[in-house]
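Observations on the model geometry
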Amino acid sequence: AVIHALSPVSNPRFSKYSGIQEWANCVCLFVNVGDKHGNSYNNVFTHAGGRLSWFAQPRQTEDTPVIQRIAATQAEGSE
């Protein structure tokens, strides 16, 4: 439902298993957190929700263009 609300098209195509959905003006991360059954993940929100430790899939590295885009955006916001 969130992807449909954010998408510039009425019926977006995406893979929820990719972990990342990229658009021209933003990047959405699919983040796993704990569930009602006690399952947990290493993805953690800190600083009152202002920061996220997000563990990407192995194919996403510091050299992947979308990861570079996210890092560059973060760097701009910290200046």
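Quick caveat, the model's predicted, so the values are computed rather than measured.

As for the overall build of the protein chain
Helix and strand counts for the protein chain come out as two helices and four strands. When the backbone C-alpha atoms are referred to their principal axes, the protein chain occupies close to 35 × 35 × 25 Å. Evaluated residue by residue, the protein chain yields a buried proportion of 18% over its 79 residues. Mean positive and mean negative side-chain charge positions of the protein chain (6 and 6 charges, respectively) differ by 14 Å.

Topic: the pattern of salt bridges
One pass over the structure, following the stated rule, counts one salt bridge. Ionic pairing is found between R69 and E22, a salt bridge with its closest N-O pair at 2.8 Å. Taken together, the residues R69 in helix α2 (residues 65-77) and E22 in strand β1 (residues 20-22) connect sequence positions 47 residues apart. Residue classification places R69 among the partly exposed residues on the basis of a relative accessible area of 25%. Overall, the relative accessible area of 40% leaves E22 in the partly exposed class.

What counts and how
Residues numbered from 1 in each chain as written. Predicted model: local features only at pLDDT ≥ 70, side-chain atom pairs only at ≥ 80, totals over all residues. Heavy atoms only, no water. Helix = DSSP H or I, 4+ residues; strand = E, 2+ residues; numbered from the N terminus. Buried < 20%, exposed > 50% of the residue type's maximum accessible area, 1.4 Å probe, protein only. Lys, Arg positive; Asp, Glu negative; His and termini not counted. Charge placed at Lys NZ, Arg CZ, Asp CG, Glu CD. Salt bridge = Lys/Arg side-chain N within 4 Å of Asp/Glu carboxyl O.

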